[in-house]
Amino acid sequence: MRKLLLLLSFMTWSLSAAPSLDYQVQNFQGELVSLSEFKGKVVYLDFWASWCGPCRKSFPWMNAMHQKYQQQGLAIVAINLDEDRALAEKFLSKLPADFHIRFDPEADVASQFDLQGMPSSYIFNRQGELVQTHLGFFEEKSAGYENEIVELLKE
C-alpha cells in the first residue's frame, strides 16, 4: 500500500514548484543537506527505491559515469525514497554506489518533481537549470544518456 501511495503522490504535479536543486534531503547521517551544493556541476539526479528492478541496472551505469566524468564536473546524486533506511542499506550492500546517495523517506522532494515511475532521472546543467528528464532506465539507451552528459560537460 505504501508503494502505491508513494507512486500516486509522484503523479501530483505542483505548478508552483518546478524541479530544481533548491531542496534539502538527508545524508547518511540523517542531516539535512541542500542539493544546491552541486550547483556549478552537471548534475544527474536519480530517484530510486530498493524495490525498483530497473534501479539495479542503473547503479552500475551511474558508477561508471561517475568514474569517467567526475573530474570534468559531473555529480551523480541518487535520492532514495524508501521509508525504511535499512531497505536502502541492504540494496547498497549488494550494489554499492561510488556516487552521492541522499534520502527522502517522506518523499517531500520527490513530490516536487513530476515522477511518473522509478527510476526517474533529471539532468541539470552547470547553471542549475533542468535540461533533460528520463523515465526508467534502459541499457540500450545508455549511450544516449552518456552523450547528453558529455555535451553538457563541454559547456
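Located above this text is the structure these notes cover.
It should be emphasised that the depicted structure is a prediction, and the values quoted were computed from it without experimental measurement.

Leu45, Phe47, Trp48, Phe59, Leu74 and Phe113 are the most contacted members of the largest nonpolar core, which has 47 residues in total. If you list the elements that add at least two residues to this core, you get strand E3 (42–48), helix H2 (53–69), strand E4 (74–80), helix H3 (85–94), strand E5 (100–103), strand E6 (120–124) and helix H4 (142–154). Beyond its immediate chain neighbours, meaning those up to four positions away, Phe47 contacts Ile79, Leu81, Val109, Ala110, Phe113, Leu115, Met118, Pro119, Ser120 and Tyr122.

As a further point, take H4. What sets the pattern is the α-helix's 3.6 residues per turn: residues three or four places apart point alike. A rise of 1.5 Å per residue sets the reference length of H4, with its 13 residues, at 18 Å; its end C-alpha atoms lie 19 Å apart and thus fit the reference within 8%. Listed in full, the buried residues belonging to H4 are Ser142, Tyr145, Glu146, Ile149, Leu152 and Leu153. One side of H4 holds all its buried residues, which, seen down the axis, span an arc of 125 degrees. In this fold, the buried residues of H4 make contact with E3, H2, E4, E6 and strand E7 (130–135).

Further remarks concern the side chain of Asp104. You can see Asp104 is positioned in the loop between E5 and E6. Engagement of the side chain of Asp104 in a polar contact is seen with the backbone nitrogen of Asp108, the distance being 3.0 Å. Leaving out residues up to four positions away in the same chain, Asp104 has contacts with Val25, Ile79, Asn80, Leu81, Val109 and Ala110.

When the sulfur atoms of two cysteines share a covalent bond, that bond is a disulfide. Here the structure, examined in full by the defined rule, presents 1 disulfide. Here Cys52 connects covalently by a disulfide to Cys55, the sulfurs 2.3 Å from one another. In this structure, the disulfide formed by Cys52 and Cys55 twists by about 85 degrees around the S-S bond and is classed as right-handed. Both residues of the pair, Cys52 and Cys55, belong to the buried class.

Our focus in this paragraph is the packing of H2 against H4. Relative orientation of the contacting elements H2 and H4 amounts to 30 degrees, with a least axis distance of 12 Å. By the angle class used here, H2 and H4 are roughly parallel. Regarding H2 and H4, the two cross each other, and that crossing is right-handed. For the pair H2 and H4, the contacting residues are Trp61, Met65, Lys68 and Tyr69 in the first and Ser142, Tyr145, Glu146, Ile149, Val150 and Leu153 in the second. Partitioned by chemical class, the residues of the contact of H2 with H4 number 7 nonpolar, 1 polar and 2 charged.

In this section: H3. Along H3, the positions that sit buried rather than exposed are Ala88, Phe91 and Leu92. Relative to the axis of H3, the buried residues are bounded by an arc of 95 degrees and lie together on one face. Relative to its buried face, H3 has exposed residues pointing more than 90 degrees away, namely Lys90, Ser93 and Lys94. Considering only its buried residues, H3 is in contact with E3, H2, E4 and E5.

A few words now on the environment of Arg85. When you line up the elements, Arg85 lands in helix H3. C-alpha separation for the pair Arg85 and Phe28, spaced 57 residues apart in sequence, amounts to 9.4 Å. Once residues lying within four places of it in the same chain are set aside, the contact partners of Arg85 are Gln26, Asn27, Phe28, Gly30 and Phe103.

Further remarks concern unusual backbone geometry. Cis rather than trans, the peptide bond between Met118 and Pro119 has omega equal to -10 degrees. Residue placement: Pro119 occurs in the loop between E5 and E6. Of note, Ala107 is a non-glycine position whose phi angle comes to about 60 degrees, a positive value. Relative to the elements of secondary structure, Ala107 occurs in the loop between E5 and E6.

Criteria and thresholds
- Residues numbered from 1 in each chain as written.
- Predicted model: local features only at pLDDT ≥ 70, side-chain atom pairs only at ≥ 80, totals over all residues.
- Heavy atoms only, no water.
- Core = buried A, V, L, I, M, F, W, Y, C linked by side-chain atoms within 4.5 Å.
- Buried < 20%, exposed > 50% of the residue type's maximum accessible area, 1.4 Å probe, protein only.
- Helix = DSSP H or I, 4+ residues; strand = E, 2+ residues; numbered from the N terminus.
- Contact = heavy atoms within 4.5 Å.
- Expected span 1.5 Å × (residues − 1).
- Arc of directions from axis to C-beta.
- Polar contact = N/O pair within 3.5 Å; in protein donor to acceptor, adjacent residues only side chain to side chain.
- Disulfide = S-S within 2.5 Å.
- Axes fitted to C-alpha atoms, helices over the stretch in contact; angles between N-to-C directions.
- Parallel < 35°, antiparallel > 145°, perpendicular 65-115°, else oblique.
- Left-handed = near helix turned anticlockwise from the far one by under 90°.
- Nonpolar A, V, L, I, M, F, W, Y, C, P; charged D, E, K, R; others polar.

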